[in-house]
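Notes for the structure review
Chain by chain, the residues run as shown.
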Amino acid sequence: MHPSSLIAITRDVSPSLAACELSFVERAPIDLDRAVEQHRAYRSALAALGCEVHDLPAQAEFPDAVFVEDVAIVVDEIAVMTRPGAPSRRGEGATVAPLLARWRSLRAIEAPGTLDGGDVLRIGRRVCVGESARSNAAGIAQLRALLAPHGYTVQGVPIHGCLHLKSAVTALADDTVLVQPAWVDRAAFAGYRIVEVDTAEEHAANVLRIGDRVISPACFPRTHARIRVAGVEVVAVDVSELQKAEGAVTCCSLVFTSAP
Ligand code: GLY
(Lines give C-alpha, C1' and ligand atoms only; values in the text may rest on other atoms or scores of the structure.)
Protein backbone atom coordinates (compact mmCIF):
# COMPACT_ATOMS: atom_id res chain seq x y z
CA MET A 1 0.00 0.00 0.00
CA HIS A 2 1.30 3.49 -0.91
CA PRO A 3 1.70 6.03 1.89
CA SER A 4 -0.86 8.83 1.60
CA SER A 5 0.32 12.27 0.56
CA LEU A 6 -1.23 15.69 0.59
CA ILE A 7 -2.45 16.74 -2.85
CA ALA A 8 -3.10 20.35 -3.87
CA ILE A 9 -4.79 21.05 -7.19
CA THR A 10 -4.30 24.58 -8.49
CA ARG A 11 -4.82 26.33 -11.81
CA ASP A 12 -2.73 29.06 -13.40
CA VAL A 13 -4.14 32.59 -13.45
CA SER A 14 -6.31 33.27 -16.50
CA PRO A 15 -5.10 36.03 -18.83
CA SER A 16 -8.69 37.30 -18.66
CA LEU A 17 -8.70 37.60 -14.84
CA ALA A 18 -9.68 41.28 -15.07
CA ALA A 19 -13.09 40.19 -16.43
CA CYS A 20 -13.81 38.14 -13.28
CA GLU A 21 -17.10 38.01 -11.41
CA LEU A 22 -17.35 40.55 -8.59
CA SER A 23 -20.11 40.68 -5.98
CA PHE A 24 -18.94 42.57 -2.88
CA VAL A 25 -15.66 44.07 -4.12
CA GLU A 26 -15.32 47.18 -6.31
CA ARG A 27 -13.59 46.57 -9.64
CA ALA A 28 -10.00 47.83 -9.59
CA PRO A 29 -7.15 47.42 -12.09
CA ILE A 30 -5.37 44.08 -11.72
CA ASP A 31 -1.67 43.72 -12.49
CA LEU A 32 -1.76 40.36 -14.28
CA ASP A 33 2.01 39.73 -14.14
CA ARG A 34 1.94 40.37 -10.42
CA ALA A 35 -1.07 38.08 -10.00
CA VAL A 36 0.81 35.32 -11.82
CA GLU A 37 3.87 35.84 -9.62
CA GLN A 38 1.75 35.85 -6.45
CA HIS A 39 0.07 32.64 -7.55
CA ARG A 40 3.49 31.07 -8.12
CA ALA A 41 4.52 32.04 -4.59
CA TYR A 42 1.23 30.62 -3.25
CA ARG A 43 1.99 27.29 -4.94
CA SER A 44 5.48 27.37 -3.46
CA ALA A 45 3.96 27.89 -0.01
CA LEU A 46 1.73 24.85 -0.54
CA ALA A 47 4.75 22.79 -1.60
CA ALA A 48 6.79 23.99 1.38
CA LEU A 49 3.96 22.81 3.66
CA GLY A 50 4.24 19.33 2.18
CA CYS A 51 1.69 19.39 -0.63
CA GLU A 52 2.24 17.64 -3.95
CA VAL A 53 1.02 20.47 -6.20
CA HIS A 54 -0.75 19.64 -9.46
CA ASP A 55 -1.11 22.83 -11.48
CA LEU A 56 -3.61 22.94 -14.33
CA PRO A 57 -3.05 25.29 -17.30
CA ALA A 58 -4.81 28.65 -17.36
CA GLN A 59 -8.12 28.95 -19.20
CA ALA A 60 -8.50 32.20 -21.12
CA GLU A 61 -12.24 31.60 -21.58
CA PHE A 62 -12.83 31.41 -17.80
CA PRO A 63 -11.63 34.56 -15.97
CA ASP A 64 -12.30 33.05 -12.51
CA ALA A 65 -10.86 29.58 -13.16
CA VAL A 66 -7.85 30.18 -10.88
CA PHE A 67 -10.36 29.87 -8.02
CA VAL A 68 -10.40 26.13 -8.42
CA GLU A 69 -11.87 25.48 -4.98
CA ASP A 70 -15.32 26.45 -6.23
CA VAL A 71 -15.70 23.58 -8.70
CA ALA A 72 -15.39 20.58 -6.37
CA ILE A 73 -15.89 19.37 -2.81
CA VAL A 74 -13.40 16.68 -1.80
CA VAL A 75 -14.01 14.50 1.23
CA ASP A 76 -12.15 11.35 2.22
CA GLU A 77 -14.51 9.03 0.37
CA ILE A 78 -15.67 10.89 -2.77
CA ALA A 79 -15.42 14.17 -4.66
CA VAL A 80 -18.50 16.14 -5.68
CA MET A 81 -18.23 18.28 -8.80
CA THR A 82 -20.25 21.41 -8.11
CA ARG A 83 -22.53 23.45 -10.31
CA PRO A 84 -21.22 26.97 -9.62
CA GLY A 85 -23.77 29.66 -8.91
CA ALA A 86 -22.31 32.06 -11.47
CA PRO A 87 -23.26 30.85 -14.99
CA SER A 88 -19.94 32.20 -16.32
CA ARG A 89 -18.12 29.63 -14.15
CA ARG A 90 -20.07 26.46 -15.03
CA GLY A 91 -17.49 25.17 -17.52
CA GLU A 92 -14.49 25.41 -15.19
CA GLY A 93 -14.91 21.98 -13.64
CA ALA A 94 -14.65 19.99 -16.88
CA THR A 95 -10.86 19.89 -16.82
CA VAL A 96 -10.60 19.48 -13.04
CA ALA A 97 -12.77 16.35 -12.94
CA PRO A 98 -10.39 14.03 -14.84
CA LEU A 99 -7.53 15.04 -12.53
CA LEU A 100 -9.60 14.56 -9.37
CA ALA A 101 -10.75 11.17 -10.65
CA ARG A 102 -7.20 9.89 -10.07
CA TRP A 103 -7.92 9.95 -6.35
CA ARG A 104 -11.68 9.96 -5.80
CA SER A 105 -14.86 8.54 -7.25
CA LEU A 106 -16.80 11.50 -8.63
CA ARG A 107 -20.38 12.65 -7.99
CA ALA A 108 -22.03 15.84 -9.25
CA ILE A 109 -24.49 18.55 -8.27
CA GLU A 110 -27.25 18.72 -10.89
CA ALA A 111 -29.59 21.54 -12.00
CA PRO A 112 -31.45 23.27 -10.47
CA GLY A 113 -28.93 22.95 -7.68
CA THR A 114 -26.06 25.41 -7.44
CA LEU A 115 -23.09 25.15 -5.13
CA ASP A 116 -19.72 26.91 -4.88
CA GLY A 117 -16.91 25.16 -3.04
CA GLY A 118 -16.14 28.46 -1.33
CA ASP A 119 -19.38 28.02 0.55
CA VAL A 120 -18.42 24.62 1.95
CA LEU A 121 -16.56 24.45 5.25
CA ARG A 122 -15.78 20.94 6.48
CA ILE A 123 -14.60 20.39 10.03
CA GLY A 124 -14.33 16.67 10.69
CA ARG A 125 -17.66 15.08 9.79
CA ARG A 126 -19.54 18.37 10.01
CA VAL A 127 -20.08 20.22 6.74
CA CYS A 128 -21.41 23.80 6.85
CA VAL A 129 -22.67 25.33 3.61
CA GLY A 130 -23.22 29.03 3.14
CA GLU A 131 -26.73 30.00 2.10
CA SER A 132 -25.39 32.50 -0.41
CA ALA A 133 -26.21 33.94 -3.82
CA ARG A 134 -24.03 31.13 -5.23
CA SER A 135 -25.28 28.08 -3.30
CA ASN A 136 -29.02 27.40 -3.26
CA ALA A 137 -31.25 25.12 -1.20
CA ALA A 138 -31.36 22.46 -3.93
CA GLY A 139 -27.55 22.37 -4.12
CA ILE A 140 -27.26 22.06 -0.35
CA ALA A 141 -29.88 19.28 -0.28
CA GLN A 142 -28.05 17.36 -3.02
CA LEU A 143 -24.75 17.67 -1.17
CA ARG A 144 -26.46 16.40 2.00
CA ALA A 145 -27.82 13.35 0.13
CA LEU A 146 -24.40 12.60 -1.40
CA LEU A 147 -22.44 12.91 1.85
CA ALA A 148 -24.89 11.39 4.33
CA PRO A 149 -24.04 7.77 3.38
CA HIS A 150 -20.43 8.56 4.33
CA GLY A 151 -21.33 9.85 7.78
CA TYR A 152 -21.27 13.61 7.19
CA THR A 153 -23.90 16.02 8.45
CA VAL A 154 -24.57 18.94 6.11
CA GLN A 155 -26.00 22.14 7.56
CA GLY A 156 -26.96 25.38 5.81
CA VAL A 157 -25.54 28.53 7.41
CA PRO A 158 -26.92 31.99 6.54
CA ILE A 159 -24.36 34.61 5.53
CA HIS A 160 -24.75 38.27 4.59
CA GLY A 161 -22.46 40.92 3.16
CA CYS A 162 -19.87 38.57 1.67
CA LEU A 163 -19.43 36.21 -1.27
CA HIS A 164 -18.98 32.82 0.37
CA LEU A 165 -19.24 31.16 3.78
CA LYS A 166 -15.46 30.82 3.82
CA SER A 167 -15.18 34.60 3.37
CA ALA A 168 -16.75 34.74 6.83
CA VAL A 169 -15.39 31.71 8.67
CA THR A 170 -12.68 29.07 8.31
CA ALA A 171 -11.16 26.51 10.64
CA LEU A 172 -7.90 27.07 12.50
CA ALA A 173 -8.06 23.63 14.12
CA ASP A 174 -10.67 20.93 14.69
CA ASP A 175 -11.99 22.84 17.71
CA THR A 176 -11.26 26.43 16.65
CA VAL A 177 -12.73 28.72 13.99
CA LEU A 178 -11.71 32.15 12.73
CA VAL A 179 -14.81 34.31 12.31
CA GLN A 180 -15.82 37.65 10.78
CA PRO A 181 -18.88 38.25 13.00
CA ALA A 182 -20.25 40.96 10.68
CA TRP A 183 -20.91 38.33 8.01
CA VAL A 184 -21.95 35.18 9.89
CA ASP A 185 -23.64 34.59 13.22
CA ARG A 186 -21.14 33.33 15.79
CA ALA A 187 -23.97 31.20 17.22
CA ALA A 188 -23.69 28.86 14.21
CA PHE A 189 -20.31 27.86 15.63
CA ALA A 190 -21.27 27.46 19.28
CA GLY A 191 -19.18 24.68 20.74
CA TYR A 192 -16.02 25.81 18.92
CA ARG A 193 -13.38 28.09 20.29
CA ILE A 194 -13.91 31.30 18.31
CA VAL A 195 -11.16 33.69 17.24
CA GLU A 196 -12.51 36.89 15.69
CA VAL A 197 -10.70 38.80 12.95
CA ASP A 198 -9.33 42.18 13.89
CA THR A 199 -11.95 44.82 13.17
CA ALA A 200 -9.49 46.69 10.90
CA GLU A 201 -9.09 43.60 8.70
CA GLU A 202 -12.53 42.92 7.25
CA HIS A 203 -11.51 40.10 4.87
CA ALA A 204 -9.14 38.23 7.20
CA ALA A 205 -11.35 35.25 8.09
CA ASN A 206 -10.32 33.24 5.04
CA VAL A 207 -7.29 31.08 5.90
CA LEU A 208 -6.20 27.79 4.38
CA ARG A 209 -5.43 25.14 6.97
CA ILE A 210 -2.65 22.72 6.10
CA GLY A 211 -2.01 20.39 9.04
CA ASP A 212 -1.41 22.51 12.12
CA ARG A 213 -0.55 25.70 10.17
CA VAL A 214 -2.60 28.15 8.12
CA ILE A 215 -1.84 30.13 4.98
CA SER A 216 -3.22 33.67 5.20
CA PRO A 217 -2.90 36.86 3.12
CA ALA A 218 0.08 38.97 4.18
CA CYS A 219 -2.08 42.08 4.54
CA PHE A 220 -3.71 40.93 7.79
CA PRO A 221 -0.97 41.16 10.46
CA ARG A 222 -3.33 42.06 13.30
CA THR A 223 -5.42 38.96 12.76
CA HIS A 224 -2.24 36.90 12.38
CA ALA A 225 -1.27 37.98 15.88
CA ARG A 226 -4.62 36.71 17.18
CA ILE A 227 -4.18 33.40 15.35
CA ARG A 228 -0.72 32.95 16.84
CA VAL A 229 -2.07 33.68 20.34
CA ALA A 230 -4.51 30.84 19.68
CA GLY A 231 -1.50 28.58 19.14
CA VAL A 232 -1.57 28.26 15.34
CA GLU A 233 1.38 29.10 13.10
CA VAL A 234 0.70 31.47 10.19
CA VAL A 235 2.33 31.33 6.76
CA ALA A 236 1.73 34.75 5.15
CA VAL A 237 1.47 35.07 1.36
CA ASP A 238 0.87 38.21 -0.69
CA VAL A 239 -2.26 37.65 -2.81
CA SER A 240 -3.26 41.28 -3.27
CA GLU A 241 -3.99 41.01 -7.01
CA LEU A 242 -6.12 37.89 -6.50
CA GLN A 243 -8.00 39.69 -3.71
CA LYS A 244 -8.98 42.35 -6.26
CA ALA A 245 -10.71 39.50 -8.14
CA GLU A 246 -12.64 38.67 -4.94
CA GLY A 247 -10.39 35.70 -4.37
CA ALA A 248 -8.67 34.53 -1.22
CA VAL A 249 -6.34 31.77 -0.12
CA THR A 250 -8.79 28.87 0.13
CA CYS A 251 -10.22 29.59 -3.34
CA CYS A 252 -6.94 28.97 -5.13
CA SER A 253 -6.59 25.26 -4.35
CA LEU A 254 -8.27 21.96 -3.64
CA VAL A 255 -6.27 20.27 -0.86
CA PHE A 256 -6.88 16.68 0.22
CA THR A 257 -5.06 13.49 1.14
CA SER A 258 -4.33 11.09 -1.70
CA ALA A 259 -5.44 8.02 0.25
CA PRO A 260 -7.16 8.70 3.54
N1 GLY B 1 -14.34 36.38 -8.58
C2 GLY B 1 -14.65 35.27 -7.77
C3 GLY B 1 -16.06 34.87 -7.97
O4 GLY B 1 -16.89 35.75 -7.95
O5 GLY B 1 -16.40 33.73 -8.18
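Residues numbered from 1 in each chain as written. Predicted model: local features only at pLDDT ≥ 70, side-chain atom pairs only at ≥ 80, totals over all residues. Heavy atoms only, no water.

By the secondary structure assignment, H39 is in helix α1 (residues 32-48). A relative accessible area of 1% means that H39 is categorised as buried. Not counting chain neighbours up to four residues away, the residues in contact with H39 comprise T10, R11, D12, V13, D55, V66 and C252. (Helix = DSSP H or I, 4+ residues; strand = E, 2+ residues; numbered from the N terminus. Buried < 20%, exposed > 50% of the residue type's maximum accessible area, 1.4 Å probe, protein only. Contact = heavy atoms within 4.5 Å.)

Relative to strand β8 (residues 153-158), strand β7 (residues 126-131) runs parallel, the two sharing 6 bridges. Bridge pairing in β8 places G130 opposite V157. (Pairing = 2+ DSSP bridges.)

Examined against the element boundaries, I194 turns out to sit in strand β11 (residues 193-196). Between the alpha carbons of I194 and L242 there is a distance of 27 Å; along the sequence they are 48 residues apart. The contact partners of I194, leaving out residues within four places of it in the chain, are V177, V179, R186 and F189.

Moving on, we get to the packing of aromatic side chains. All told, the structure shown has 2 aromatic pairs when counted by the stated rule. With a centroid separation of 5.6 Å and 65° between ring planes, the pair formed by W103 and F256 is classed as edge-to-face. Of the two residues, W103 is situated in the loop between α2 (97-100) and β5 (105-108) and F256 in strand β15 (residues 254-257); the sequence distance between them amounts to 153 residues. Using a relative accessible area of 5% as the deciding quantity, one classes F256 as buried. The lysine or arginine in question, R125, covers the ring of Y152, its NZ or CZ lying 4.3 Å from the ring centre. (Phe/Tyr/Trp six-rings, centres within 6.5 Å; stacked < 30°, edge-to-face > 60°. Lys NZ or Arg CZ within 6 Å of the ring centre and 35° of its normal.)

Right, let's talk about the environment of D185 for a bit. Note on placement: D185 falls in the loop between β10 (176-179) and β11. Each C-alpha atom of the pair D185 and A111 lies 29 Å from the other, and the pair is 74 residues apart in sequence.

Attention shifts here to helix α5 (residues 221-229). Looking only at α5, the buried set comprises T223, H224 and I227. All buried residues of α5 project into a common sector of 105° when viewed along the axis, lining one side. Residues of α5 that are exposed and point more than 90 degrees away from the buried face comprise P221, R222 and V229. Buried-residue contacts for α5 involve β9 (169-173), β10, β13 (213-217) and β14 (233-237). Trailing α5 by a residue or two, G231 shows a phi angle of about 95°, which is positive. (Arc of directions from axis to C-beta.)

Purely geometric numbers; function is a separate question.
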